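Chain by chain, the residues run as shown.
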Number of protein chains: 2
Amino acid sequence: MKTALLSSLLITSTIMAASLKQDAQNAGLQAIPESKTELYKLIDNPKNPITYAKVQLGKQLFFDPRLSKSGFISCNSCHNLMAGGTDNIEAAVGHKWRVNPHHLNSPTVFNAVFASSQFWDGRDPDLEKQAQGPIQAAPEMAATKKHVKDVVNSIPEYVKSFKKAYGQDVKINFTKITDTIATFERTLVTPSRFDKFLTSCDKALSKQEKKGLKTFIDKGCATCHNGVALGGQMMAFGVVAKYKYADIGDFHGDSNSLVKVPTLRNITQTAPYFHNGAVKTLKEAIQEMGRIQLGVKITDTEAKDIEVFFGALEGSKPHLGKVSLPNSTDKTPKPNLN
Amino acid sequence: MKTALLSSLLITSTIMAASLKQDAQNAGLQAIPESKTELYKLIDNPKNPITYAKVQLGKQLFFDPRLSKSGFISCNSCHNLMAGGTDNIEAAVGHKWRVNPHHLNSPTVFNAVFASSQFWDGRDPDLEKQAQGPIQAAPEMAATKKHVKDVVNSIPEYVKSFKKAYGQDVKINFTKITDTIATFERTLVTPSRFDKFLTSCDKALSKQEKKGLKTFIDKGCATCHNGVALGGQMMAFGVVAKYKYADIGDFHGDSNSLVKVPTLRNITQTAPYFHNGAVKTLKEAIQEMGRIQLGVKITDTEAKDIEVFFGALEGSKPHLGKVSLPNSTDKTPKPNLN
């Protein structure tokens, strides 16, 4: 009897899992492919193909504060790879402690490769173009193209690595440098238990996580948060009501200031939320989204279930190995705090 | 004949190496012990013993910007472990982009454990006490003790790690946190080819490096730069002449503003030089030291040889493994840029 009951429960749970997976698929949610070949199809850029040498070099450049005018800020300062790929600060801070003039929150670099456009306003098509922005932006790294080029060319180990990555005749200019950073960033994907659930293992999600996923789908969240990144595919903001904190910063959600749907992967690690970082908790973020995007009330219990499901989107971060920045020379441009 | 000549050259070179090692020993230069037991005798603090659990936790705390008021600055911001353990900026910059009010350069954290006192003015006796300073200093991390304590206690994974490191009854206060950071810092030693030369291998140094070491000793540099760290053992400044840039900052080298002799380990990676970071190149640093501390002229050739020898003091940095910062909770104090 007992065995029969257990076995029947197991069958029920298997059917439920299968049906939930089907729902997720219908809603457009996709797993990060387990197969390397499949994954590369998604993350590679034929115009700037991923190679081991470029990734290793890009990783060093990502962590190198010498690319900034001050010598104090690196890509990692705002996109902290030891945390959720962000700075966890309301609005980004940069050169001379200037706060982002649009009061924009640093988006995570993890899984950014899956987005169909970059930046909150979606103005750049890919990571290669995106990487050129913050390095030059006055309130971020505040460097000129020349500064970046001169720094890299003054460091023999970097020159050697560029030759290794691109061939002896490589011309190390600003674009080559930012392309290399982008190549590294393309590899920053974080497979999670949610992916395990979708691809192979029914038990990868807890009961409450499954309930949260079901609620997430049923409420309509996946209308915008879909694809591999559960986001990053469209611009949408204040669809049915005005965002509570729309007046902080200048992205109000009208036709001139649409906001890109952010990825939900690692969302438990990237507080505060929304483009202007004004929402402090996931609970508020979830309920506010229901109100302004879907016109539905999400109860506290439903929000909790969804939040618990989001925990399953916390992915394992790539092991960076030993990162060691090559030595400057007397020719390396000096840091300038002003 | 040829064999006899080679063999005679080999004997000569062995004798020369032995004699140089003897000179180094007489001058008070010491190797980082190869034996772990011997090393631990030097780096451990009986009042705050090194354990694996504390080192792992201290490493996370060292990289955690949430310990700062702004949430933007970690210990690693100014003591970059991916570089030479410094920020390579003239005078340290910190909270609200304030420059160090004494115009002091961030000293390297690598091998700081070997110094008999901490800070440029030598005011603190050990790393435990030192670690309390920059976290609270207004122009550095600008945090209160309460902020630091509240951050750590609000993060369940940190609480768990503290219990693992200190027992279930641990009270996680500011001192316990900074002690743990100090424990990690005690392990940041960087054995180099110079140590290999002193302890085992005549060929660990090139001909020019040996010549540089000889010059270094003969000129009298080891009078101050001695011990395991080749520095860190005494206060000395402007002994025979006034430092060229004494007027930058308020450490002029009189009896009120003596400067601690810095370590020379990894000195090729920690430009700019001197307590006020006013000297840009190693060549100038070496020659200026000869002039103001020893009253001797160091020629360009001699300076070059010494500089080449310094290259052999570049040590291998500890492999940090995967550093991953634990998640904040809704209770974690919010970053404050003001």
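In this convention, every chain numbers its residues from 1, walking through the sequence in written order. In the order they appear in the text, chains get letters beginning with A and ligands get numbers beginning with 1. Given that the model is predicted, a residue must reach a pLDDT of at least 70 before its local features are reported, and side-chain atom pairs must reach 80 or more before they are shown or counted; all residues, however, enter totals for whole chains, interfaces and linings.

Each helix and strand counted, chain A has 13 helices and zero strands in total. Projected onto the principal axes, the alpha-carbon positions of chain A cover approximately 80 × 45 × 30 Å. Residue burial in chain A is summarised as follows: out of 338 residues, 47% are buried. Placing C-beta atoms from the backbone, we regard two residues as in contact once those atoms come within 7 Å. Looking at chain A alone, contacts between residues at least 24 apart form 71% of all its contacts between residues at least 6 apart. Under the DSSP-based scheme used, a helix requires at least four consecutive residues in state H or I and a strand at least two consecutive residues in state E, with every element numbered from the N terminus. To assign burial, the other C-beta atoms lying within 10 Å of each residue's own C-beta are counted, with C-beta atoms placed from the backbone; 20 or more indicates buried, 12 or fewer indicates exposed, and intermediate counts indicate partly exposed.

Turning next to the domain arrangement of chain A. Residues and elements named next belong to chain A. Assigned domains within chain A: domain 1 (25–35 + 190–311) and domain 2 (38–186). Here the C-alpha centroids of domain 1 and domain 2 sit 26 Å apart. In this assembly, 28 residues from domain 1 lie in contact with 24 residues from domain 2. Residues belonging to the side of domain 1 that touches domain 2 are distributed by class as follows: twelve nonpolar, 13 polar and three charged. Throughout the structure description, domain borders are defined by an automatic or database domain assignment. Here the nonpolar group is Ala, Val, Leu, Ile, Met, Phe, Trp, Tyr, Cys and Pro; Asp, Glu, Lys and Arg are the charged ones; every other residue, Gly included, is treated as polar.

So, on to the packing of helix 3 (residues 52–62) of chain B against helix 9 (residues 174–186) of chain B. Two packed helices can be described by the angle between their axes and the distance between those axes. All names here are of chain B. The N-to-C vectors of helix 3 and helix 9 enclose an angle of 105°; their axes lie 7 Å apart at closest approach. Judged by the inter-axis angle, helix 3 sits roughly perpendicular to helix 9. Every residue of helix 9 that contacts helix 3 at Lys54, Val55, Leu57, Gly58, Lys59, Leu61 and Phe62 is listed here: Ile177, Thr180, Ile181, Thr183 and Phe184. Across the contact of helix 3 with helix 9, the residue classes break down as seven nonpolar, three polar and two charged. Axis lines are fitted through C-alpha atoms, for helices just across the contact stretch, and the angle between N-to-C directions can take any value from 0 to 180 degrees. Under this scheme an angle from 65 to 115 degrees is roughly perpendicular, one under 35 degrees roughly parallel, and one over 145 degrees roughly antiparallel; angles in between are oblique.

Here the focus is unusual backbone geometry. All names here are of chain A. Each neighbour pair has its own omega, and for Ala271 with Pro272 the value is -5°, a cis peptide bond. Along the chain, Pro272 falls in the loop between helix 11 (207–219) and helix 12 (282–294). Of note in this structure, Asn266 is not a glycine but carries a positive phi near 60°. Mapped onto the elements of the fold, Asn266 is located in the loop between helix 11 and helix 12.

Another aspect to go through is the relation of the copies chain B and chain A. Copies are brought into register by a least-squares superposition over C-alpha atoms of residues with pLDDT of at least 70 in both. For the pair chain B and chain A, the superposition axis carries a translation of 0.0 Å, the fit reaches an RMSD of 0.0 Å, and the rotation angle comes to 180°. Expressed as an axis order, the relation between the two copies is that of a two-fold axis. The C-alpha atom lying nearest the rotation axis in chain B is that of B:Trp97; the distance is 2.8 Å.

Attention now goes to the confidence of the model for chain A. Detail in the predicted coordinates should be disregarded across regions flagged by low pLDDT. Values of pLDDT, which run from 0 to 100, indicate the predictor's confidence residue by residue. Model confidence for chain A is summarised by a mean pLDDT of 95, while 99% of its residues fall at 70 or above. ipTM for the predicted complex: 0.95, alongside a pTM of 0.96.

Residue and element names in this part refer to chain B. Buried residues of helix 8 (residues 156–166): Tyr158, Ser161 and Phe162, and no others. Down the axis of helix 8, the buried set is contained in an arc of 105°. They therefore lie on one face. Turned more than 90 degrees from where helix 8 packs its buried face, Pro156 and Lys160 sit exposed. Against helix 3 and helix 7 (145–153) lie the buried residues of helix 8. Backbone geometry just downstream of helix 8 places Gly167 in the positive-phi region, at approximately 100°. Regarding the arc, it is the one traced by the directions from the helix axis to the C-beta atoms.

Another aspect to go through is helix 11 of chain A. One fewer than the residue count of a helix, multiplied by 1.5 Å, yields its expected span. Its 13 residues give helix 11 of chain A an end-to-end C-alpha distance of 18 Å, which sits within 8% of 18 Å, the value for a rise of 1.5 Å per residue. Among the residues of helix 11 of chain A, those classed as buried are A:Glu209, A:Lys210, A:Gly212, A:Leu213, A:Thr215, A:Phe216 and A:Ile217.

A few words on the environment of B:Ala4. Residues and elements named next belong to chain B. In this fold, Ala4 is placed in helix 1 (residues 2–26). For Ala4, a count of 8 C-beta atoms within 10 Å puts it in the exposed group. Distance from Ala4 to Ser324, taken between C-alpha atoms, is 59 Å for residues 320 residues apart in sequence.

All names here are of chain A. Tracing the backbone shows Val148 in helix 7 (residues 145–153). By C-beta crowding, Val148 is classed as buried, having 26 other C-beta atoms within 10 Å. Separated by 46 residues in the primary sequence, Val148 and Phe194 place their C-alpha atoms 39 Å from one another. In contact with Val148, other than residues within four places in its own chain, are Leu67, Ile135, Ala143, Phe174 and Ile177.

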